[in-house]
Amino acid sequence: MAELIDGKLISAQIKDECKEKVALLKEKGIEVTLAVIQVGEDPASSVYVNNKKKACEYIGANSLSYNLKEDSTQEELLKLIDDLNSDDKVNGILVQLPLPKHFDEDEVIRRINPDKDVDGFHPINVGRLSIGEKGFVSCTPAGIIQLLKRSNVEIEGKECVIIGRSNIVGKPMSMLMLRENATVTICHSRTKNLSEVTKRADILIVAIGKPKMIDASYVKEGAVVIDVGIHRPDPDSKKLCGDVDFESVEPVAGKITPVPGGVGPMTIAMLMSNLVNSVE
Ligand code: NAP
């Protein structure tokens, strides 16, 4: 039976560490402030935005909310970002994605000052990561590194296979694992003989977006399996599942993240960590 990697516990530890740092900054008269911009009223986005605001409250940081109407223009959004970029009281700026279809998301991301880009999506921060400079790192992959380290998984010299090459998960994940001296392979939809590649992995990170696609036939005995996927198998189901077929893989793996309670809670914890680091 695999050991469970407890994302709830580890994310709580990280948020508590952030809380302590914010309290120390407050003693020095320094406030920590996140500006959160939402465009439109997509219910899923509203849940994410509320969770981010609650996390700010928990760690003692201020959160400023900006709600733009669904039919607002690219120019209005860019103007708001410009104002927040030049506001010294604002340490981090987050635009909740996805934006309504008429927006150019790339231009919006590029407009955020890279030193306030707590999501780590700005090309400057992506570049900093790839050349090993300090900068903000996309929260989900940064959270996975914390899950591994705080669960005493040795990374250096290990074979790491990542399935998925998205800009927010797969690619930054590969850079982070490289930085930790793993030997990294990235797989995607055109990879041939996927299970042959994934069976080499000591650490298998799965970010495909396909419910329960990875079963035991893809996993080496004793491997550490990190499941980034999050799905509601049917609209009425209260149960969530990941990209990994947990029941099939758990008996084979050495350590595994559950869904929910694995990678999911880490994303907001790392956002808080990025926010506090933006001040420090
Ligand atoms: P994405 O942008 O859709 O990327 C999926 C990747 O998987 C692509 O690189 C794609 O390859 C690859 N892929 C698709 N089908 C494949 C197959 N049959 N075999 C091998 N590779 C395949 O997804 P994402 O944004 O990275 O997210 C992945 C999953 O993580 C989703 O379920 C998402 O909801 C979840 N997620 C969770 C969190 C969290 O906080 N827990 C955060 C972000 C994402 P190509 O590039 O060739 O198309």
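If you're wondering where the values come from, they're calculated on a predicted model, not measured in any experiment.

Listing the buried residues of helix H5 (residues 123–130) in full gives Asn-125, Arg-128 and Leu-129. Around the axis of H5, the buried residues are gathered within 100° of arc, so they sit on the same side. Here the buried face of H5 lies against helix H7 (170–179). Downstream of H5 by one or two residues, Gly-132 has phi in the positive range, about 80°.

Looking at the element boundaries, Ser-45 is found in helix H2 (residues 43–59). In this structure Ser-45 comes out as buried when scored by relative accessible area, which is 5%. The contact partners of Ser-45, leaving out residues within four places of it in the chain, are Gln-38, Gln-96 and Leu-97.

Note that strand S5 (residues 159–163) and strand S6 (residues 183–187) share five bridges and pair parallel. Following the sheet pairing, Cys-160 is matched in S6 by Val-184. The β-α-β motif built from S5, the intervening H7 and the parallel element S6 has right-handed crossover chirality.

For the rest of this paragraph, the subject is the packing of aromatic side chains. For the structure on display, the rule yields zero aromatic pairs. Of note, Lys-19 hangs over the ring of Tyr-58, and the distance from its end group to the ring centre comes to 4.3 Å.

The periodicity of an α-helix, 3.6 residues per turn, causes residues three or four places apart in sequence to face the same way. Residues of H7 that are buried: Gly-170, Pro-172, Met-173, Ser-174, Leu-176 and Met-177. Close packing links the buried residues of H7 with H5, helix H6 (139–150), S5, S6 and strand S7 (203–206). Two residues or fewer after H7 comes Asn-181, characterised by a positive phi angle close to 70°.

Axis separation between H2 and helix H10 (residues 264–279) bottoms out at 10 Å; the angle between their running directions is 55°. Comparing their axes, H10 and H2 come out oblique. Taken as a pair, H2 and H10 cross one another with a handedness that is right-handed. Of the residues in H10, those touching H2 at Asn-51, Lys-52, Ala-55, Cys-56 and Ile-59 are Ile-268, Leu-271, Met-272, Leu-275 and Val-276. Partitioned by chemical class, the residues of the contact of H2 with H10 number eight nonpolar, one polar and one charged.

Before going further, it helps to spend a moment on the sheet that holds S7. Spatially, the six strands line up as an open sheet ordered S1-S9-S8-S7-S5-S6, and their pairing is parallel. Two strands close off the open sheet at either side, each with one partner strand: strand S1 (3–4) and S6. The pairing of S7 with strand S8 (residues 224–227) spans four bridges and is parallel. Paired with Ile-203 across the two strands is Val-224, which belongs to S8.

Turning our eyes to something else, we now look at the domain arrangement of the protein. Under the domain assignment used here, the protein contains domain 1 (29–115) and domain 2 (139–263). For domain 1 and domain 2, the distance between their C-alpha centres works out to 29 Å.

This brings us to the site of the ligand. Around the ligand, the surrounding shell holds 23 residues, and the nearest of these are Arg-165, Ser-166, Ser-189, Lys-210 and Thr-267. Within the contact set of the ligand, a nitrogen atom lies 3.0 Å away from a side-chain nitrogen or oxygen of Lys-210. Contacts to the ligand include Ile-230, whose backbone N or O atom sits 3.4 Å from an oxygen atom. For the ligand, whose free accessible area comes to 930 Å², the fraction covered by protein is 71%.

Burial of nonpolar side chains together is a common tendency in soluble globular proteins. Counting residues in each nonpolar core, the largest one holds 49 residues, and the members touching the most others are Leu-34, Leu-148, Met-177, Ile-203 and Ile-205. Among the elements that line this core, the one with the most residues is H10, at eight residues. In this structure, this core is formed jointly by two domains, domain 1 (29–115) and domain 2 (139–263), each of which donates at least three residues. Those residues within four positions of Leu-34 in sequence are excluded, and the remaining contacts are Cys-56, Asn-62, Ser-63, Leu-64, Gly-92, Ile-93, Leu-94, Val-118, Leu-271, Met-272 and Leu-275.

Definitions and limits used
Residues numbered from 1 in each chain as written. Predicted model: local features only at pLDDT ≥ 70, side-chain atom pairs only at ≥ 80, totals over all residues. Heavy atoms only, no water. Buried < 20%, exposed > 50% of the residue type's maximum accessible area, 1.4 Å probe, protein only. Helix = DSSP H or I, 4+ residues; strand = E, 2+ residues; numbered from the N terminus. Arc of directions from axis to C-beta. Contact = heavy atoms within 4.5 Å. Pairing = 2+ DSSP bridges. Right-handed = clockwise from strand over helix to strand, strands pointing away. Phe/Tyr/Trp six-rings, centres within 6.5 Å; stacked < 30°, edge-to-face > 60°. Lys NZ or Arg CZ within 6 Å of the ring centre and 35° of its normal. Axes fitted to C-alpha atoms, helices over the stretch in contact; angles between N-to-C directions. Parallel < 35°, antiparallel > 145°, perpendicular 65-115°, else oblique. Left-handed = near helix turned anticlockwise from the far one by under 90°. Nonpolar A, V, L, I, M, F, W, Y, C, P; charged D, E, K, R; others polar. Domains from an automatic or database assignment. Near = heavy atom within 4 Å. Polar contact = N/O pair within 3.5 Å; in protein donor to acceptor, adjacent residues only side chain to side chain. Areas by Shrake-Rupley, 256 points an atom, 1.4 Å probe, with all protein chains shown as cover. Core = buried A, V, L, I, M, F, W, Y, C linked by side-chain atoms within 4.5 Å.

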